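The primary structure of each chain is shown beneath.
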Amino acid sequence: MALFKKDPLQIIVFQTYGTGSHLYIKGRALEDESIDLEQKGMLDLLINSWKRFETDEIKNTPLNIKLPNNKIFQVVSSERGYFLLNEPFGDIADLTNEEGWLQFEASYDDPNIKRNIQNGNRFPGEMLIPSKDCSYGVISDIDDTILHTGLVSTFKWRVIYNTMLKRPSKRTPLKGAPEFYHLLHRGKSGKEKNPIFYVSHSPWNLYRYLEYFLKKNNFPKGPILLRDFPNPFSKNSKSEKPQKQKEILNILKSYPDMKFILIGDSGEHDPDIYIEIAESHPDRILAIYLRSVNHEERMLRVKGLIEDYKTTDVLMVEDSESAIAHALEKGFISLPKNNRK
């Protein structure tokens, strides 16, 4: 009978963002497959990868979101287990910590569900409310921008290998990326709290994997915005914007007075998306940094795309040092005294 025992329930709460008067909390109700992010061994890593994508969703189930002031909101999970709390709510900025994070708890509304619920039915979550005093925000891609993935490899075989057969602690960040992002987070004064938004084309199934990677490699904490795992039979309209572009535009809409730095790579669609956004918001985008990839044809295409583009500074950079030098020149950052020559 133990073979047919159901897994305990869990709630994965995604790191999101909002404002001092608007809640935007998202997550997913799932069975807990007990995925060990430090798992070793090829077979066990393959099993973990299978578990990430073969999810058992808890559908159409009432959940509670409890704020630090004990205010409780109720949401209902969708057919795929997702839930979203998206509504205005007074002044909540005074409930945040020094970095602007609102900490709350999610739980199943019915504590008597006839299933074992992990964590005593208390699942912590966080939502970022950027400080009004920040100088700018940073919107960064993840794949091949801060994390080696191999998106430009033939048939994307390296992406499959890295995702399926490497645990997050063994994935390497691009050299100097954590340091550069901390400089941007601290800004020119060295004491700012500029928000960092991580936006990726990866599916939500990889959320905990990527969250662990960012924390393990000492990147500044920030909202992680992914996409739903695509239905192989569904087709997007040609006129429909990519999900990453929609997320970036929503960030700009959420903070209409904030300027942004965009960071991506030259391998996929980042150059096209970022330039289109800069064209439509010329006063909002301070700079665009594109990491060079090892793919001659794509690099030539991007160089042609940005060659005569003058609206916003667009830099193709080989390493973080080049980006840091430009950011220093523009006054986006300053180096700590012990790093100055």
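Residues numbered from 1 in each chain as written. Predicted model: local features only at pLDDT ≥ 70, side-chain atom pairs only at ≥ 80, totals over all residues. Heavy atoms only, no water.

Before going further, it helps to examine the environment of Phe14. Position of Phe14 among the secondary structure elements: in the loop between β1 (9-13) and β2 (16-17). A relative accessible area of 2% means that Phe14 is categorised as buried. Those residues in contact with Phe14 that lie beyond four places of it in its chain are Lys26, Gly27, Arg28, Tyr82, Glu126, Trp204 and Tyr207. (Helix = DSSP H or I, 4+ residues; strand = E, 2+ residues; numbered from the N terminus. Buried < 20%, exposed > 50% of the residue type's maximum accessible area, 1.4 Å probe, protein only. Contact = heavy atoms within 4.5 Å.)

Right, let's get into the packing of aromatic side chains. Overall, the coordinates contain 15 aromatic pairs when judged by the stated rule. Between Tyr181 and Phe219 the ring centres are 5.7 Å apart and the planes differ by 90°, which places this aromatic pair in the edge-to-face class. Of this pair, Tyr181 sits in helix α3 (residues 177-186) while Phe219 sits in the loop between α4 (207-216) and β11 (224-227), placing them 38 residues apart in sequence. Of the two residues, Tyr181 and Phe219, neither departs from the other in class, the shared state being buried. Centre to centre, the rings of Phe197 and Tyr255 are 6.0 Å apart; their planes meet at 40°, and the pair counts as tilted. Of this pair, Phe197 sits in strand β10 (residues 196-203) while Tyr255 sits in the loop between α5 (243-254) and β12 (260-265), and the two are 58 residues apart along the sequence. Side by side, Phe197 and Tyr255 carry an identical accessibility label, which is buried. The rings of Phe180, Tyr181, Tyr198, Phe213, Phe219 and Tyr289 are connected pair by pair, giving a single aromatic cluster. Residue placement shows Lys71 over the ring face of Phe73; its charged tip is 5.4 Å from the ring centre. Cation over ring: Lys221 sits above Trp101, and NZ or CZ is 4.8 Å from the ring centre. (Phe/Tyr/Trp six-rings, centres within 6.5 Å; stacked < 30°, edge-to-face > 60°. Lys NZ or Arg CZ within 6 Å of the ring centre and 35° of its normal.)

Looking now at the packing of α5 against helix α6 (residues 270-280). The N-to-C vectors of α5 and α6 enclose an angle of 30°; their axes lie 10 Å apart at closest approach. When the interaxial angle is binned, α5 and α6 end up roughly parallel. Relative to α6, the crossing made by α5 is right-handed. Where α5 abuts α6, its residues Lys244, Gln245, Ile248, Leu249 and Leu252 lie against Asp270, Ile273, Tyr274, Glu276 and Ile277. Within the contact of α5 with α6, the residues separate by chemical class into six nonpolar, one polar and three charged. (Axes fitted to C-alpha atoms, helices over the stretch in contact; angles between N-to-C directions. Parallel < 35°, antiparallel > 145°, perpendicular 65-115°, else oblique. Left-handed = near helix turned anticlockwise from the far one by under 90°. Nonpolar A, V, L, I, M, F, W, Y, C, P; charged D, E, K, R; others polar.)

Turning next to the nonpolar core. Most often, soluble globular proteins keep nonpolar side chains buried together rather than apart. The biggest cluster of nonpolar side chains holds 36 residues, and the ones touching the most others in it are Phe180, Tyr198 and Tyr289. At the level of secondary structure, the elements contributing two or more residues to this core comprise α3, β10, α4, β11, β12, β13 (285-291) and α8 (320-330). If we skip the residues at most four places from it in the chain, Tyr289 touches Phe180, Ile261, Leu262, Ile263, Gly264, Leu315, Ala323, His326, Ala327 and Phe332. In this structure, Val13, Val75, Phe104 and Ala106 belong to the second largest nonpolar core, which totals 24 residues. (Core = buried A, V, L, I, M, F, W, Y, C linked by side-chain atoms within 4.5 Å.)

Let us look at unusual backbone geometry. Look at Asn70: it is not a glycine, yet its phi comes out positive at around 75°. Mapped onto the elements of the fold, Asn70 is located in the loop between β4 (62-66) and β5 (72-76). The exposure class of Asn70 is exposed, given its relative accessible area of 53%. For Asn218, which is not glycine, the phi torsion reads 60° and is therefore positive.

Right, let's talk about the side chain of His326 for a bit. Topologically, His326 is positioned in helix α8. Judged by its relative accessible area of 8%, His326 falls in the buried class. Apart from residues lying up to four places away in sequence, His326 is in contact with Ala287, Tyr289, Asp313, Leu315 and Phe332.

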